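Structural overview for review
Below, each chain spelled out in residue letters.
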Amino acid sequence: MIRLRNWLTTCCILLATRVAAAQVREHVEHVEDIAQWRVEVFSGALNPGGLVQGPRLQAGHDRRGPMAFLATGEACTAGDGVVFLFTRDGTVRLLAGDPEQPGYRDGPAAESRLGTDLTVAADERGGLFIADRSNRCLRRAVRRDGQWWIETLAGHPSNPADPRLLKVVRDESPMEFGIRDERRASDGMGREATFHYLHSNVIADRQGNAFLIDADFLRRITPEGRVETLNPLGGTG
């Protein structure tokens, strides 16, 4: 009886696999002119020698990071301590932070300080979410009266992350023995909420919510700054 059950289970799995594969094949789109496609440099210059602002093909920096495209047609990329803006006229300029002085300071973007290990995602209002791993908070870049401002949407930098933990996350390397973070994350409004250290790349939905994988938890941050843990038991719980 057990063998028959296992045989039926195997048949069901194989059938489901074949159905799924057939569905995938139905949705495959073949690009006829793929041989004519070209890969071109969008921005940056070879060995720019540090931070260089200006026309996108002459500008460059040595701080690699994720990229986000704003509803305004502009784009942003983040690195340690800085966020760069690609304007619609093809110019790259520093939007926020200081490449020489990572830290924490809200206010006018030109005077702000950002932490290290940043990721970014565009919101639906033309602004930018900034997941600041080293400062354990979610920040936001917004335009006010034609000027960019940096504000903290949730979390606070009172308990900065262990640099060793940040390196583990950045390098996707195994957790070393003795490197642990026992502090519990908590939900709440704005600065009342706390985060762990394992922020994934931040993403956003059309309702203006931001989402982060924070250690084993999926956290949602509303446009008003309320942090909610969607799987309180962690993992798939």
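Quick note: structure is the one above.
**Some thoughts on the pattern of salt bridges**
Following the criterion strictly, the structure yields ten salt bridges and no others. Between Asp214 and Arg219 there is a salt bridge; the shortest N-O distance is 2.7 Å. We note that Asp214, like Arg219, is buried. For Glu228, the salt bridge identified is with Arg220, shortest N-O distance 2.8 Å. Shared partners join several salt bridges into a network, and the residues in it are Asp106, Asp132, Arg139 and Arg191.

**A short note on the nonpolar core**
Counting 17 residues, the largest nonpolar core has Val83, Leu95, Leu128 and Ile130 as its most contacted members. If near-sequence neighbours (up to four positions away) are discounted, Ile130 is found in contact with Val83, Leu118, Thr119, Val120, Cys137, Leu138, Arg139, Ala141 and Ile150. Formed by 13 residues, the second largest nonpolar core is a distinct cluster that contains Ala131, Leu153, Ala210 and Ile221.

**A look at a nonpolar patch on the surface**
A contiguous nonpolar surface patch, about 320 Å² in accessible area, is contributed by Val31, Ile34 and Trp37. Position of Trp37 relative to the elements: it lies in the loop between helix 1 (2–26) and strand 1 (54–55). Relative accessible area serves as the criterion here: at 53%, Trp37 is assigned to the exposed category.

Conventions we followed
- Residues numbered from 1 in each chain as written.
- Predicted model: local features only at pLDDT ≥ 70, side-chain atom pairs only at ≥ 80, totals over all residues.
- Heavy atoms only, no water.
- Salt bridge = Lys/Arg side-chain N within 4 Å of Asp/Glu carboxyl O.
- Buried < 20%, exposed > 50% of the residue type's maximum accessible area, 1.4 Å probe, protein only.
- Core = buried A, V, L, I, M, F, W, Y, C linked by side-chain atoms within 4.5 Å.
- Contact = heavy atoms within 4.5 Å.
- Patch = residues over 30% accessible without salt bridge, like charges linked within 9 Å, V, L, I, M, F, W, Y side chains within 5 Å.
- Areas by Shrake-Rupley, 256 points an atom, 1.4 Å probe, with all protein chains shown as cover.
- Helix = DSSP H or I, 4+ residues; strand = E, 2+ residues; numbered from the N terminus.

Function-wise, these values are silent; they only describe arrangement.
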